[in-house]
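Structural overview
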Amino acid sequence: MLERVLNGVGDMSRRAVRSPVTFSLLFAFALAAAIVAVTGGDPLAAGGEMFTGAVTGSGLRNTLGRSVPIIGMALAVSIAFRSGIINLGGEGQMVIGGLAGTIVAIYVPGPGYVIVPLAMLAGAVVGAVWGLLPAYGQTWLRLPILITSLLLNYVARAITGYLVRFQLLDDAVTLTSTRQVPETARMPKMPIFGGVSLSLILVIVLVALLWMVYTRSVAGYESQMTGFNMRSARYGGIDVEQRTVQVMVVAGAIGGLIGTHLIIGEALRFIDGELVLAGFAWTGLLVSLLAVNRPIPIFITGMFFSALQIGGLAMQRNAGVSWRLSQVLQAVVIVAVACRLAIRRGERPSTEVSDAESAAVGEV
Amino acid sequence: MFEQILDAALFDSATRAMIPILLAALGGMICERAGVFQIALEGIMLAGAFAAVAGSYLAISWTLGVVFGIAAGMLISLALAYGTVTRRGDPIVLGIALNLLAMGLTGFLLPQLFDVRGVFQHPRIDGLDRIAIPVLSDIPWVGPVLFDNTILTYVALLLVPGLWVLLFRTAIGLRLRGVGERPLAAETLGVSPTVYKYGAVLASGALAGLAGAQLSLGNVVQFAENMSSGRGWVAVVAVMLGRAHPVGVLAAAALFALAEALGFRFQGNGLPVQITDALPFVVTLLALIIARKRFARLLDLTTAA
């Protein structure tokens, strides 16, 4: 019995060591350390600051806080990826939904328990509408979502920039920014770890919901089938066009929710261009790729990437190494996983990949 | 009204806007012909722009800047070639990740190497001079617009007929297209798809790197974070719209550049920058809708899995 358990553990650890994800992480950290060393920094000190910065002091609170947009945007993009829809428009859906939510929060009077949900709803609806544009572009006009959703990001930036600058500008500050969200319309914070936004609960609920949909429902199965192979899904009686529209609505709605959260829960003002800067949609996309679009691994990977970023900021403060190193790390992990690099001997790349993980990462 | 808007200065700024898009799109075109899906142009262009400024700053010489730009572009494209050709990874995943890698890396190196945030400007950075071609630059209208420009402008314009000859009138071009269209047949005839695909991807890296150099040493003399700002994606669309044909790609690049230049002009006439910035992307989307029959391949590639 004990032997079998030990064998099992040994087997698991062997598989973990040989997993492309493990190798990719090691590879990314090694490369990042080399970059720091070459550019005149101290990799060990930087790494230490990164770790302590992410989990000690206010670091833990910040890591949990930043995980909300990262996990949220990862969930949004994973829903599309699972169905084989390459939605690169998360950023636009987040930004335009975020502004809609902000407008409701600022200009609609009422008690917080009404306004906060209302603002989130507005953000979700507008984000969903923005997601519908590329969806119909693909189903009606046969324009690839990959391209249209991405180009619409720039259009969304322009529209929100225009509205903030010319319609919603707060003259009291020098920023190109809306007014501050009134205290009553802000997302409440939970009294844990020194104040974590209530939106974290929303994200956890979303993770649980998606997990249930994927593992327990027909819709989840159909959505996954569409992702594996649209043609055979169509033969199997699944309406691929309708599925595309539904998926983009849900993805856009989550993007809008996250955008609204980022303003009424974090920034409190919609500053032109600010929402794009942190690149949450893109970090989320990398998280979803690494987690192979599965909700629970997305939650764990999202926490990890959030810690990387918060640690990166601490590293910038204390070790003088730019936090953008975290972005480099994240991207290198995905490049390495997509290349299916792993610790194996005498292995030759083949079209047939036995490892389910690397296969799924390799083909969105 | 139109005389105010359509003058030589407009076409001059359109030419400058066009060259980076054209260079990157020609690179994308070569990949498309070799059957490699290249969407890392945005990141390669950004890396090229950064490396060009860094090289020019180090040596106080635009020549080294351009060499650095090409090298950086080829380095990133080497990762793409290795991932897609040797490891048979997904070109879309690799393209997206490499774009983000370039964004992160340039954003990281900017403060790390030059101790600045956002924008790097320095008298040591040697920009590309405008070289007036004798006689040709004296032609009224066309002369000053086309023949009084940076050396990379001439390179880009000459590449249009040059690549046409290479693709359609040489054995190398025939094999390259063979690898893209009928890989098995090409292999049977002893043409190595690996060699040609690597060559195509590396060439696209060099060209998109040049595009970046033109951006940061030609159009302006500075590096700003994310200064490629979507031009690489516009180049991807230009390849699609131009049906991966040099002349078509030139026409598509010219269309977007004209939209960008018009945007600048409208800005001067009082239209808000937030709206004019979106103009090239709106024009791109409209062009996609008008020419939509052409993307069956990309749609298959991105949806059928």
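These figures come from a predicted structure and were not determined experimentally. (Residues numbered from 1 in each chain as written. Chains lettered and ligands numbered in written order. Predicted model: local features only at pLDDT ≥ 70, side-chain atom pairs only at ≥ 80, totals over all residues. Heavy atoms only, no water.)

1. Brief notes about the overall build of chain A
When helices and strands are counted, chain A shows 16 helices and two strands. The C-alpha atoms of chain A give a radius of gyration of 21 Å, which matches the 21 Å a tight globule of 364 residues would have. Taken across its 364 residues, chain A has 55% of its residues classed as buried. Accessible area of chain A: about 15,800 Å², with a carbon and sulfur share of 64%. On chain A, the mean spot of the 25 positive side-chain charges and the mean spot of the 19 negative ones are 3 Å from each other. (Helix = DSSP H or I, 4+ residues; strand = E, 2+ residues; numbered from the N terminus. Rg over C-alpha atoms; globule rule 2.2 N^0.38 Å. Buried < 20%, exposed > 50% of the residue type's maximum accessible area, 1.4 Å probe, protein only. Areas by Shrake-Rupley, 256 points an atom, 1.4 Å probe, with all protein chains shown as cover. Lys, Arg positive; Asp, Glu negative; His and termini not counted. Charge placed at Lys NZ, Arg CZ, Asp CG, Glu CD.)

2. Points about the overall build of chain B
A tally of regular secondary structure across chain B gives 15 helices and four strands. Over its C-alpha atoms chain B spans a radius of gyration of 19 Å, differing by no more than 12% from the 19 Å that the globule rule assigns to 305 residues. Along the three orthogonal principal directions, the C-alpha set of chain B runs to about 55 × 45 × 40 Å. Evaluated residue by residue, chain B yields a buried proportion of 56% over its 305 residues. Long-range contacts, defined here as pairs at least 24 residues apart, represent 74% of the contacts in chain B between residues at least 6 apart. Side chains of chain B carry 19 positive and 17 negative charges; the gap between the two charge centres is 12 Å. (Contact = heavy atoms within 4.5 Å.)

3. Overview of the side chain of Thr283(A)
All names here are of chain A. Along the polypeptide, Thr283 turns up in helix α13 (residues 280-290). A distance of 3.2 Å separates the side chain of Thr283 from the side chain of Gln309, its partner in a polar contact. Not counting chain neighbours up to four residues away, the residues in contact with Thr283 comprise Ile70, Ala278, Phe305, Gln309 and Gln330. (Polar contact = N/O pair within 3.5 Å; in protein donor to acceptor, adjacent residues only side chain to side chain.)

4. With respect to the pattern of salt bridges
All names here are of chain A. Evaluation of the coordinates by the stated rule reveals five salt bridges over all chains. Here Asp170 ties to Arg269 by a salt bridge, and the two come within 3.1 Å at their closest N and O atoms. Taken together, the residues span a long stretch of sequence, with Asp170 in the loop between α7 (145-166) and β1 (189-190) and Arg269 in the loop between α11 (240-267) and α12 (274-277) at a distance of 99 residues. For the pair shown, Asp170 and Arg269 are each scored as buried. (Salt bridge = Lys/Arg side-chain N within 4 Å of Asp/Glu carboxyl O.)

5. What to know about the interface of chain B and chain A
Opposite the 53 residues of chain B that make contact, chain A presents 58 residues. Counting the surface lost from both chain B and chain A, the interface buries some 4,800 Å², and carbon and sulfur atoms represent 74% of this. Inspection of the chain B/chain A interface yields one salt bridge. One salt bridge connects Arg324(A) with Glu225(B), and the closest N-O pair in it is separated by 2.7 Å. Our count for the contact surface shared by chain B and chain A stands at five residue pairs in polar contact (both at pLDDT 80 or more). (Buried area = accessible area lost by both parts, 1.4 Å probe.)

6. Observations regarding helix α14 (residues 279-290) of chain B
Counting along an α-helix, one turn takes 3.6 residues, and residues three or four places apart therefore face a common direction. Taking 1.5 Å of rise per residue, the 12 residues of α14(B) would be expected to cover 16 Å, and the 16 Å separating its terminal C-alpha atoms lies within 8% of that figure. Every buried residue of α14(B) is listed here: Pro280(B), Phe281(B), Val283(B), Thr284(B), Leu285(B), Ala287(B) and Leu288(B). Contacts made by the buried residues of α14(B) are with α7 of chain A together with α11 (231-241), α12 (246-268) and α13 (273-276) of chain B. (Expected span 1.5 Å × (residues − 1).)

7. Considering the nonpolar core
Counting residues in each nonpolar core, the largest one holds 196 residues, and the members touching the most others are Leu88(A) and Phe256(B). With 13 residues, the top contributor of residues to this core is helix α5 (residues 91-114) of chain B. Residues contacting Leu88(A), with those up to four places away along its chain left out, are Leu146(A), Ser149(A), Leu150(A), Asn153(A), Trp282(A), Leu285(A), Ile96(B) and Trp233(B). (Core = buried A, V, L, I, M, F, W, Y, C linked by side-chain atoms within 4.5 Å.)

8. Here's the deal with the packing of helix α14 (residues 295-319) of chain A against helix α15 (residues 324-338) of chain A
Residue and element names in this part refer to chain A. It is the contact of α14 with α15, at a shortest axis distance of 7 Å, that shows an interaxial angle of 150°. One way to sum up the angle between α14 and α15 is to call them roughly antiparallel. From α14, Phe305, Leu308, Gln309, Gly312 and Met315 reach across to α15, where they touch Leu325, Ser326, Leu329 and Gln330. Taken together, the residues of the contact of α14 with α15 sort by class into five nonpolar, four polar and no charged. (Axes fitted to C-alpha atoms, helices over the stretch in contact; angles between N-to-C directions. Parallel < 35°, antiparallel > 145°, perpendicular 65-115°, else oblique. Nonpolar A, V, L, I, M, F, W, Y, C, P; charged D, E, K, R; others polar.)

9. A word on the packing of aromatic side chains
In total, this model carries 11 aromatic pairs over all chains according to the counting rule given. Between Phe114(B) and Phe120(B), the aromatic rings sit 4.2 Å apart at their centres with planes inclined by 15°, giving stacked as the arrangement. Phe120(B) carries the same exposure label as Phe114(B), and that label is buried. Positioned above the aromatic ring of Tyr214(A), the side-chain terminus of Arg82(A) is 3.5 Å from the ring centre. Against the face of Tyr57(B) rests Arg124(B), its NZ or CZ located 4.8 Å from the ring centre. (Phe/Tyr/Trp six-rings, centres within 6.5 Å; stacked < 30°, edge-to-face > 60°. Lys NZ or Arg CZ within 6 Å of the ring centre and 35° of its normal.)

10. Notes on the environment of Trp62(B)
Residue and element names in this part refer to chain B. Locating Trp62 in the fold gives a position in helix α4 (residues 62-86). Linking Trp62 and Asp129, residues 67 residues apart in sequence, is a C-alpha distance of 8.9 Å. If sequence neighbours within four positions are ignored, Trp62 has contacts with Ser56, Asp126, Gly127, Leu128, Ile151 and Leu217.

11. Considerations on the confidence of the model for chain B
Per-residue confidence for chain B averages 90 on the pLDDT scale, and 94% of its residues sit at or above 70. Looking over chain B, one finds the lowest element-wise mean pLDDT in helix α1 (residues 2-5) of chain B, namely 56, and the highest in helix α3 (residues 41-59) of chain B, namely 97. (pLDDT = per-residue confidence, 0-100.)

12. So, unusual backbone geometry
With a phi close to 70°, Leu268(A) is a non-glycine residue in the positive phi region. Within the secondary structure, Leu268(A) is located in the loop between α11 and α12. In the Ramachandran plot, Asp115(B) falls in the positive-phi region, its phi being about 60° despite a non-glycine side chain. Structurally, Asp115(B) is set in the loop between α5 and β1 (119-120). The class of Asp115(B) is exposed, set by a relative accessible area of 70%.

13. Brief notes about the packing of helix α8 (residues 171-181) of chain B against helix α10 (residues 193-219) of chain B
All names here are of chain B. Put simply, α8 and α10 touch, their axes get as near as 10 Å, and they point 100° apart. The angle between α8 and α10 places the two elements in the roughly perpendicular class. Only Pro193, Tyr196, Lys197 and Ala200 of α10 make contact with α8, whose side of the interface consists of Ile172, Arg175, Leu176 and Val179.

14. Some words on the side chain of Ser24(A)
Tracing the chain through its elements places Ser24(A) in helix α2 (residues 20-38). Residue Ser24(A) is classed as buried on the basis of its relative accessible area, which comes to 0%.

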